[in-house]
Amino acid sequence: MEPLGSIVVGAGQAGLSASYHLRRRGVPHVVLDADAAPGGAWQHRAHSLTMADVHGVAQLPDEPLPDVDPAAAARDVVPAYFADYERRHDLPVVRPVAVHAVRPAGEDGDPHGLLVVEAGDRTWTTRTLVNATGTWRHPFVPYVAGVPGFRGRQLHSSRYDGPAAFAGLRVLVVGGGASAVQIIGELAPVADVSWVTRRAPVWRDGEVEEFDGRAAVALVEERVRRGLPPRSVVSVTGLFLRPQEEAARRLGVYDRRRPMPSRFTAGGVVWDRDGAGVRAGDHLAVDVVVWATGFRPVVDHLSPLRLRAPGGGIALDGTTAVADPRVQLVGYGPSASTIGANRAGRAAAVAVRRLLTADAEAQAAAEDAATGSVA
Ligand SMILES: Cc1cc2nc3c(=O)[nH]c(=O)nc-3n(C[C@H](O)[C@H](O)[C@H](O)COP(=O)(O)OP(=O)(O)OC[C@H]3O[C@@H](n4cnc5c(N)ncnc54)[C@H](O)[C@@H]3O)c2cc1C
C-alpha cells in the first residue's frame with residue numbers, strides 16, 4: 001500500500017488540531033487513537049470536575065466552543081465537542097488503535113526513509129509521524145520507602161472520582177500541583193485531610209488574570225530545547241485558590257502543608273527529620289493516600305527511533321524531534337495545555353508539509369539526474 005504522508009498518534013486536543021491543519025495542507029494521513037470514544041484525556045476526568053473547575057479549555061481550530069453550563073461535567077462537555085469536531089471536519093480518526101511501536105522501515109538512521117507504525121498485528125507505513133499521545137496513560141508515583149507495607153488504600157489522582165468515597169476518612173494528599181489543590185478543596189469539607197509536598201508550594205501573587213502564561217511556556221520550551229524532560233506548564237505557573245477551595249482554606253489545610261514523609265508504615269507515615277510543621281519521629285495515621293504527583297509523557301512506543309537526548313528528554317526544535325525530523329511531538333512539554341496543543345498542531349502540520357515538499361523535490365531532482373533530463 002502507498003505510504004501515507006503522515007500518521008497522527010492520539011486524538012486529543014493536540015492530535016485533532018494537527019489533523020485539521022494537515023488536511024488543510026492536503027497531507028494524506030490517518031489519526032490512530034487508543035481510546036474507544038472521542039475526547040482524549042477529558043473522557044477520563046473525575047465526574048466532579050465541572051467546566052467551572054477547569055482552567056479554560058481552548059477552542060479547536062475553526063470551531064468555537066459552544067456555550068456551556070459551568071456546572072456541567074468537563075468529562076461530558078469536552079468529549080461531545082471533540083466528537084462533533086471530528087464529524088464536522090471529517091477527520092480520519094481510527095479507533096481503538098493502541099500504537100505499541102514506531103520503527104524505521106529501512107536502514108536505521110536514513111532520515112528520508114519510511115516509518116512503520118505497529119498496533120497489535122496491524123501496521124501502517126508513513127513518511128512522517130505526529131505524536132500526540134499526551135500524558136494521561138502514564139501516571140507518575142514517586143518512590144517513598146515503606147509504601148508496599150502500607151495497608152490503607154492508595155490511588156493516583158487520575159483515578160480520583162469525587163469526594164463521596166472519602167467521607168470521614170483520614171486522607172493524605174501528596175503533591176504540590178493544581179490537582180492536589182483542587183482535590184484538597186473537594187475533600188477537606190468531608191474528610192480529615194493532610195497535605196505533603198516535596199518542595200514548598202509556590203503560590204501565585206496577584207490576580208489570575210495577571211499571570212504571564214507566555215513566560216511559563218518559555219521556561220518549559222527552554223528545557224525541551226536542551227533535551228531535558230519537560231515539566232508541565234502548570235508546574236511553573238504557581239498555584240492559586242479559587243472560590244471552590246474557600247472552605248478548605250478556612251479549615252487551614254493549605255497552611256498546614258508538611259514536607260514529604262521519610263517512610264510509610266502499615267498505618268500511616270513517619271518523618272525522621274525535623275521540617276516545616278513536623279518533628280523527627282512524628283507519625284501520622286492515614287486511611288487513604290491520594291498521589292496527586294503528576295504524569296509523564298507517553299512516548300515508550302517511540303523508543304525504537306532513539307529520540308532521547310543525553311539529558312533524558314526528547315530535544316525539540318519547535319515541534320520537530322532534533323534526532324529525527326520525520327517526527328513531530330505535539331502536546332509535549334511547552335505545548336501540554338489545550339492552547340499550546342492547538343498551536344503545536346499547526347506548527348507540526350507546517351513542518352510535515354515542508355519536509356514532504358523537500359523530499360518530493362529531492363526525489364524529482366534525483367530522477368532528472370538519472371534520466372539525463374538536466375541540461
Ligand atoms: C485534571 C486535569 C485538568 C486539566 N485542566 C486543564 C484546563 O483546564 N485547561 C488546559 O488547557 N489544560 C488542562 N489540563 C491539561 C490538558 O488536559 C492537556 O494539556 C490537554 O488536554 C492534553 O491534550 P493532548 O491532546 O496532548 O492529550 P490527551 O487529551 O491525553 O490525548 C491523547 C490521546 O492519545 C491517545 N493515545 C495515548 N497513547 C496512545 C498510543 N500508544 N496509541 C494510540 N493512541 C494513544 C489517547 O487515547 C488519547 O486519546 C488538565 C489536565 C488534568 C490532568
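See the structure above.
Residues numbered from 1 in each chain as written. Predicted model: local features only at pLDDT ≥ 70, side-chain atom pairs only at ≥ 80, totals over all residues. Heavy atoms only, no water.

**Digging into the sheet that holds strand β11 (residues 263-264)**
To summarise the sheet geometry, strands pair through backbone hydrogen bonds and adopt either a parallel or an antiparallel arrangement.
Point 1. Taken together, the 3 strands give an open sheet; going across it, the order is β11-β12-β13, and neighbouring strands pair in antiparallel fashion. The outermost strands of the open sheet, each flanked by one partner alone, are β11 and β13 (283-285).
Point 2. As defined by bridge partners, strand β12 (residues 268-270) adjoins β13 across 3 bridges and the pair is classed as antiparallel. The residue bridging Val270 from the neighbouring strand is His283, located in β13. (Pairing = 2+ DSSP bridges. Helix = DSSP H or I, 4+ residues; strand = E, 2+ residues; numbered from the N terminus.)

**Description of the sheet that holds strand β14 (residues 288-291)**
Point 1. Ordered in space as β7-β14-β8-β9-β10, the 5 strands form an open sheet in which the pairing is parallel. Strands with a single pairing partner mark the edges of an open sheet, and in this sheet they are β7 (153-156) and β10 (258-259).
Point 2. The sheet contact formed by β7 and β14 spans 4 bridges and is parallel. Following the sheet pairing, Gln154 is matched in β14 by Val289.
Point 3. Relative to strand β9 (residues 192-197), helix α3 (residues 178-187) is tilted by about 165 degrees, and along the sheet it contacts β8 (170-174), β9 and β14. (Contact = heavy atoms within 4.5 Å. Axes fitted to C-alpha atoms, helices over the stretch in contact; angles between N-to-C directions.)

**Quick look at the side chain of Thr338**
Point 1. Secondary-structure assignment places Thr338 in helix α7 (residues 338-371).
Point 2. A relative accessible area of 13% means that Thr338 is categorised as buried. (Buried < 20%, exposed > 50% of the residue type's maximum accessible area, 1.4 Å probe, protein only.)

**Looking at the environment of Ala247**
Point 1. Its location among the elements puts Ala247 in helix α6 (residues 246-250).
Point 2. As for Ala247 and Gly313, which are separated by 66 residues in sequence, their C-alpha atoms are 40 Å apart.

**Side note on the packing of aromatic side chains**
Point 1. All chains considered together, the criterion is met by 9 aromatic pairs.
Point 2. Judged by centre distance (5.9 Å) and plane angle (90 degrees), the ring pair of Trp195 and Tyr254 falls under edge-to-face. Of this pair, Trp195 sits in strand β9 while Tyr254 sits in the loop between α6 and β10; the two residues are 59 residues apart in sequence, bridging distant segments of the chain.
Point 3. By relative accessible area, Trp195 is classed as buried at 1%.
Point 4. What links up through ring pairs into an aromatic cluster is the set Phe150, Phe264 and Trp291.
Point 5. The aromatic ring of Phe140 is capped on one face by Arg296, whose charged end is 3.7 Å from the ring centroid. (Phe/Tyr/Trp six-rings, centres within 6.5 Å; stacked < 30°, edge-to-face > 60°. Lys NZ or Arg CZ within 6 Å of the ring centre and 35° of its normal.)

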